Amino acid sequence: VNRVDLPTFGSLELVWCLGNSLNYLLDREELRAALVGMRRNLATDGLLLFDLCTLLAFRTFFVETSVRERDDRRLVWTGHAVPSLAPGSIGEATFLVEGDSGQRLGQTVHRQRHFPAEVAREALESAGLECIDAFGHHYDGVFKRPLDEAEHTTAVYIARIAR
């Protein structure tokens, strides 16, 4: 079973996939398969909304170390990418949770692929979808056009079934 096989729930007016979930798919075929699965759930005039991390996110957030302390927990994000990460590359980071005594309570590895805008648009087209619009936003969350991978940390796409 393909790890991106999605169930069909019905004919929906809106399908969305936010939080950079699609960046966890590690190749173009997985991205296309996920988009095909989302298309199967769209009504004829329904909309698909999804986001992807941009190259700027991979060259900053996936490079940085960030520590947050809250109550009796210490949360540590450690990026292992480089500021010169090439477009289309995989970025990796670890997320560690420690208790107040420094004991390790959990750790996860986050491995994500950067999908350049042209790759996202090609995947949409090969999945039978058309891109209606694309926006970018930075940490402020304000959608802006045009999408600029050097200025925005997140790309947001709106698509529909190709006509």
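This structure is a prediction, so every number in the text was calculated from the model and none was measured.

## Let's talk about the overall build of the chain
Moving on, step 1. From N to C terminus, the chain includes 3 helices and 8 strands.
Moving on, step 2. Along the first, second and third principal axes, the C-alpha atoms of the chain reach 60 × 35 × 30 Å.
Moving on, step 3. Within the chain, the proportion of its 163 residues that are buried is 42%.
Moving on, step 4. In the chain, the share of contacts with a sequence separation of at least 24, taken over all contacts with a separation of at least 6, comes to 61%.
Moving on, step 5. As presented, the chain carries roughly 9,000 Å² of accessible surface, and 53% of it is formed by carbon and sulfur atoms.
Moving on, step 6. Looking at charge distribution, the chain has the averaged site of its 18 positive side-chain charges lying 2 Å from that of its 23 negative ones.

## A word on the pairing of strand β3 (residues 65-70)
Moving on, step 1. Summarising burial for β3: 0 of the 6 residues are buried, a small minority.
Moving on, step 2. Pairing analysis gives 6 bridges linking β3 to strand β4 (residues 73-79), with the strands arranged antiparallel. What sits directly across from T65, in β4, is T78.
Moving on, step 3. Here β3 folds back onto β4, and the loop between the two strands holds 2 residues, one of which, D71, carries a positive phi near 50 degrees.

## Notes on the sheet that holds strand β2 (residues 42-53)
Moving on, step 1. Strand order in the open sheet formed by 4 strands is β1-β2-β8-β7, with mixed pairing between adjacent strands. Two strands bound the open sheet, and with one partner strand each, they are β1 (12-17) and β7 (129-137). Each strand axis lies, on average, 15 degrees off the axis of its neighbour in the sheet, ignoring direction.
Moving on, step 2. Bridge count for β7 against strand β8 (residues 154-161) is 8 bridges, and the pairing is antiparallel. Considered in β8, the bridge of E130 is made with R160.
Moving on, step 3. Contacts from helix α1 (residues 28-40) reach β1, β2, β7 and β8, with the element oriented near 145 degrees to β2.

## Remarks on a nonpolar patch on the surface
Moving on, step 1. A contiguous nonpolar surface patch, about 480 Å² in accessible area, is contributed by L14, W16, L18, L47 and I132.
Moving on, step 2. Within the fold, L14 resides in strand β1.

## Re unusual backbone geometry
Moving on, step 1. Omega for the bond connecting R145 with P146 falls within 30 degrees of zero, at -10 degrees, which places this linkage in the cis form.
Moving on, step 2. One non-glycine residue, D71, adopts positive backbone phi at about 50 degrees.
Moving on, step 3. By secondary structure assignment, the location of D71 is in the loop between β3 and β4.

## Remarks on the nonpolar core
Moving on, step 1. Formed by 25 residues in total, the largest nonpolar core has its most connected members in L22, L35, M38, L48, F50, L129 and Y157.
Moving on, step 2. Elements with a minimum of two residues in this core: β1, α1, β2, α3 (117-126), β7 and β8.
Moving on, step 3. For L129, the contacting residues outside a window of four places in its chain are L35, R39, L42, L48, L124, A159, R160, I161 and A162.
Moving on, step 4. The next biggest cluster of nonpolar side chains, apart from the first, holds 9 residues, and it includes C53, F58, F62 and A81.

## Some words on the pairing of β2
Moving on, step 1. Counting buried residues along β2, 9 of its 12 residues qualify, which places the element largely inside the surrounding structure.
Moving on, step 2. With α1 bridging β1 and the parallel β2, this β-α-β connection has right-handed handedness.

## Here's the deal with the pattern of salt bridges
Moving on, step 1. The final tally for this structure, using the stated rule, is 9 salt bridges.
Moving on, step 2. Between R160 and E130 there is a salt bridge; the shortest N-O distance is 3.1 Å. Remark: E130 occurs in strand β7 and R160 occurs in strand β8; sequence separation between them is 30 residues.
Moving on, step 3. The salt bridge partner of D133 is R145, with a shortest N-O separation of 2.7 Å. Highlighted residues: D133 in strand β7 and R145 in the loop between β7 and β8, separated in sequence by 12 residues.
Moving on, step 4. By relative accessible area, R145 is classed as exposed at 57%.

About the criteria used
Residue numbers restart at each chain and count upward from 1, following the sequence in its written direction. Totals for whole chains, interfaces and linings use every residue, but because this is a predicted model, local features are given only for residues with pLDDT of at least 70 and side-chain atom pairs only at 80 or more, for both listing and counting. In computing side-chain properties, one takes all heavy atoms of the structure into account and sets aside hydrogens as well as water. Under the scheme used here, helices are H or I runs from DSSP no shorter than 4 residues and strands are E runs no shorter than 2 residues, and both carry numbers assigned from the N terminus. Burial status follows relative accessibility: with a 1.4 Å probe on protein chains alone, a residue under 20% of its type maximum counts as buried, one over 50% as exposed, and anything between as partly exposed. Residue contacts are defined here by distance: any two heavy atoms, one from each residue, within 4.5 Å place the two residues in contact. Every accessible area reported is derived by Shrake-Rupley at a probe size of 1.4 Å, with residue values counting cover from the shown protein chains alone. Only four residue types enter the tally: Lys and Arg on the positive side, Asp and Glu on the negative side, with His and both chain ends excluded. Just so you know, the charge point we use is NZ for Lys, CZ for Arg, CG for Asp and CD for Glu. Between any two strands, at least two bridges found by DSSP are needed for them to pair. For every element, the axis is a line fit to its C-alpha atoms; helices are fit only across the contacting stretch, and the angle between N-to-C directions ranges from 0 to 180 degrees. Patch building starts from residues that exceed 30% relative accessible area and form no salt bridge, then joins like charges within 9 Å and nonpolar side chains (Val, Leu, Ile, Met, Phe, Trp, Tyr) within 5 Å. One side-chain nitrogen of Lys or Arg within 4 Å of one carboxyl oxygen of Asp or Glu is enough to make a salt bridge. The criterion is simple. A nonpolar core is a set of buried Ala, Val, Leu, Ile, Met, Phe, Trp, Tyr and Cys residues joined through side-chain atoms within 4.5 Å. Classification remark: right-handed applies to a crossover when, strands pointing away from the viewer, the course from the first strand over the helix to the second runs clockwise.

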